[in-house]
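Single-letter residue listing:
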Amino acid sequence: MDWFNEKKYGLFIHFGLYSVLAGKYKGKEIPGHSEWIMNTAKIPKDEYEALCRQFDPKQFSADLICKKAKDWGMHNVCFTSKHHDGFALFDSKADDYNSVIRTPSKRDYVKEMAEACRKYNLKFCIYYSQAQDWHHPDGFSAYNDNKDKNFTRYLEEKCRPQVKELLTNYGEVHMLWFDTPMGMNYEQCYDLRRLVKSLQANCLINGRIGHRLGDYLTTQDNRIPSFPIEKKWEVPATLNHTWGYKASDNDWADAGTILHRLLRIVARGGNYLLNIGPKADGSIPKESEMILDEVGLWLKTCGDAIYNSRAIEPYIYETPELVFTHKDHKLFIHVLNAKQQAGRKIVLPNINNRINKAYWLNSNKPAKITEEKTLGGYPSWVFFVPDKFEEKYILTLAVETQEKDFKQVAL
Ligand code: GLC
């Protein structure tokens, strides 16, 4: 788990046949996640399959995506090798419903991603929908009748062989990211876990393998726990409201909001797996790129407050505009919506650490913290947010402390 514990921030990529439809079917806007469109709009199998002929994403560049991920301050990349629609983006002998055999592009996208991840020193992770498969006659299909299906046959014919291919043909895989284990019993999930570990012992397995068999917890999509959690965990999350590309979903979070979420996650001991959904031509939506560029810029100067940090006990006087993160001998105080806080006096009562040094992480300029006393006689830190600064979203005060841990005194 070392890299997972240290790195905190990674890229999720949802790409597949659904990207061609971009949320629309027969001219109609289909509600919900775009990658669910086959199920939601009840698209007949042969019609959905026909999308293969249009799948030729000339702009898809694993190299470019990985180069960007690196630049965005991320350390792992998780790519959808097969989503619920059953279409594989890799060369599979187990099932010919895949990009190499069925599409004009004839490309193996998993291979391209694996190679690019290695080139840019990113941990390569693979998403695989292990239970839902709307193409295989015996694959599970949510919200539909699965009564007459032979689910075991699907597992034997498709799921297990494909997982084997993924873990045999693409070098080191750092994580198998499973999803929606609907219809799977404990034995089936355990068996899958055993298969993964027998092929690559160091390959992590996310929480959605089901039956609490994951190496760590995967939260609900976009849900951030309100308190620190001991066990390792990760939040899979979007920048808008869909995973696969959806042309009509323009409700993007801004970089400040994403940074705020990243800080809250990291402060509580979690990891952030943030998604992009490339368009049908394989290009990254401009909006995603702009948001992630800005987040990446902040991480370039303030990454020390994120990487290798660990959960911090909530500060008793937590306020909406402050988030703390922490690592040995360092406390980071993040002032959110910094522009609105310019010049403000901030008082932090009841902190019991001794200060060695304080500086603004964004600019590396020294900062001044005055130590005062609360009415009850406890130590209290006072500092002023500068009047002028470049930073648009978050100002970060780094405090080096004599003590290894963050210390508070009871009221
Ligand atoms: C969901 C959806 C899926 C998406 C995933 C990402 O459970 O079923 O479409 O891939 O979350 O976390």
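The following paragraphs examine the structure supplied in this document. (Residues numbered from 1 in each chain as written. Predicted model: local features only at pLDDT ≥ 70, side-chain atom pairs only at ≥ 80, totals over all residues. Heavy atoms only, no water.)

## Structural notes on empty space enclosed by the protein
Then, number 1: One pass over the full model with this rule turns up 1 cavity of 30 Å³ or more.
Then, number 2: There is about 90 Å³ of room inside the largest cavity.
Then, number 3: What lines the largest cavity is a set of 14 residues, and nearest its centre among them are Asn 240, Thr 242, Trp 243, Trp 252 and Gly 277. (1 Å grid on protein atoms, 1.4 Å probe; cavity = no way out; pocket = protein on both sides within 12 Å on 5 of 7 lines; lining within 4 Å. Points joined across faces, edges and corners; volume = space filled by probe spheres on them.)

## A look at helix 10 (residues 255–267)
Then, number 1: The end-to-end C-alpha separation of helix 10 is 18 Å, in line with the 18 Å expected for 13 residues at 1.5 Å each.
Then, number 2: When we look at burial in helix 10, the residues that qualify are Ala 255, Gly 256, Ile 258, Leu 259, Leu 262, Leu 263, Ile 265, Val 266 and Ala 267. (Helix = DSSP H or I, 4+ residues; strand = E, 2+ residues; numbered from the N terminus. Expected span 1.5 Å × (residues − 1). Buried < 20%, exposed > 50% of the residue type's maximum accessible area, 1.4 Å probe, protein only.)

## Details of the nonpolar core
Then, number 1: Counting 125 residues, the largest nonpolar core has Leu 11, Tyr 48, Met 113, Phe 324, Ile 333, Leu 348 and Phe 383 as the members making the most contacts within it.
Then, number 2: For this core, the element with the highest residue contribution is helix 10, accounting for 8 residues.
Then, number 3: Residues within four places of Ile 333 in sequence aside, it is in contact with Leu 322, Val 323, Phe 324, Leu 348, Trp 381, Phe 383, Leu 395, Thr 396, Leu 397 and Val 399.
Then, number 4: Ranked by size, the runner-up nonpolar core spans 12 residues in total, among them Phe 4, Cys 125, Trp 177 and Leu 273. (Core = buried A, V, L, I, M, F, W, Y, C linked by side-chain atoms within 4.5 Å. Contact = heavy atoms within 4.5 Å.)

## Some thoughts on the pairing of strand 11 (residues 322–327)
Then, number 1: Within strand 11, 6 of the 6 residues are buried, leaving the element largely enclosed by the surrounding structure.
Then, number 2: Both faces of strand 11 are covered, namely the face carrying Leu 322, Phe 324 and His 326 and the face carrying Val 323, Thr 325 and Lys 327.
Then, number 3: Pairing geometry for strand 11 and strand 12 (residues 330–335), over 6 bridges, is antiparallel. Among the inter-strand pairings, Phe 324 is bridged to a residue of strand 12, identified as Ile 333.
Then, number 4: The loop that links strand 11 with its antiparallel partner strand 12 comprises 2 residues; one of these, His 329, has a positive phi angle of about 60°. (Pairing = 2+ DSSP bridges.)

## What about the layout of surface pockets?
Then, number 1: Of the voids in this model, the largest pocket is the one considered here, and its volume is about 350 Å³.
Then, number 2: Lining the largest pocket are 18 residues, and of these Asn 362, Ser 363, Glu 390, Glu 391 and Leu 395 sit closest to its centre.
Then, number 3: Sorting elements by how many residues they give to the lining of the largest pocket places helix 11 (residues 286–302) first, with 5 residues.
Then, number 4: Across the lining of the largest pocket, the residue classes break down as 8 nonpolar, 3 polar and 7 charged. (Nonpolar A, V, L, I, M, F, W, Y, C, P; charged D, E, K, R; others polar.)

Everything listed here is a matter of geometry and, on its own, says nothing about what the molecule does.
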